[in-house]
Amino acid sequence: PVTHLAKVYLEPTSRCNLSCRTCIRNAWTETQGDMSPATWEKVLSNLKVLPSRPLVIFGGFGEPLAHPDILSMVEQVKPLASSVEVITNGMLLTEDVTRRLIKLDLDMLWISVDGATAENLADVRIGAALPAIFENIERLSILRHETSRRPEIGISFVAMRRNIADLPAL
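One structure accompanies this document, and this report is about it. (Residues numbered from 1 in each chain as written. Predicted model: local features only at pLDDT ≥ 70, side-chain atom pairs only at ≥ 80, totals over all residues. Heavy atoms only, no water.)

Observations regarding the overall build of the protein
And step 1. If you tally the helices and strands in the protein, you get six helices and seven strands.
And step 2. Moving toward the C terminus, one meets the helices and strands of the protein in the order β-β-α-β-α-β-α-β-α-β-α-β-α.
And step 3. A compact globule built from 170 residues should have a C-alpha radius of gyration of about 15 Å, and the protein, at 17 Å, falls within 12% of that.
And step 4. Oriented by its inertia axes, the alpha-carbon framework of the protein measures out at about 50 × 45 × 30 Å. (Helix = DSSP H or I, 4+ residues; strand = E, 2+ residues; numbered from the N terminus. Rg over C-alpha atoms; globule rule 2.2 N^0.38 Å.)

Quick word on the packing of helix α3 (residues 95-103) against helix α5 (residues 130-145)
When two helices pack together, their arrangement is given by the angle between the helix axes and by the axis-to-axis distance.
And step 1. One way to put it is that α3 packs onto α5 with a least axis distance of 10 Å and a crossing angle of 40 degrees. With respect to α5, the element α3 is oriented oblique. As α3 runs across α5, the sense of the crossing is right-handed. Residue-level contacts link Glu-95, Thr-98, Arg-99 and Ile-102 of α3 to Arg-139, Leu-140, Leu-143 and Arg-144 of α5.
And step 2. Taken together, the residues of the contact of α3 with α5 break down into three nonpolar, one polar and four charged. (Axes fitted to C-alpha atoms, helices over the stretch in contact; angles between N-to-C directions. Parallel < 35°, antiparallel > 145°, perpendicular 65-115°, else oblique. Left-handed = near helix turned anticlockwise from the far one by under 90°. Contact = heavy atoms within 4.5 Å. Nonpolar A, V, L, I, M, F, W, Y, C, P; charged D, E, K, R; others polar.)

Points about the nonpolar core
And step 1. Among the nonpolar cores identified, the biggest contains 39 residues, and Trp-40, Leu-47, Val-56, Phe-58, Val-74, Leu-93 and Leu-109 are the most heavily contacted of them.
And step 2. Residues within four places of Trp-40 in sequence aside, it is in contact with Leu-10, Met-35, Phe-58, Met-73, Gln-76 and Val-77. (Core = buried A, V, L, I, M, F, W, Y, C linked by side-chain atoms within 4.5 Å. Buried < 20%, exposed > 50% of the residue type's maximum accessible area, 1.4 Å probe, protein only.)

Set out below in structure tokens:
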């Protein structure tokens, strides 16, 4: 039953800063946009009445960090969830955003890379730069150790011929 939800996936925006070849948004005819404040308030209201706190994951087809209120959303959902995670492409993970996510005690930050080399990534995720993503991950790793050692960092990688074809056999 809905009162026993273990996970809640929230898509705060369908907008993205990249144009990935494999993205479902390439086939959409819907207008892209952000979750409205009214919808967000309904989400919070419903989370408040659940008898147990679910894992809340901000992700979806858009880039969560592109939503102008994502940090406030994380802050507001934190007391209503057993754990809070964000899935990002890593390109909008500025120093300010990183510091704020650490301060908000985000539990897990998944960074979706989808390229084993800078060239593979640039081919799949148009607009992404592997060196910039690695720099952002390194900064997060360093800054989180100054305080709580959170968020945990996870790397998500969808392997396909186009992004691993040039790699040497292991």
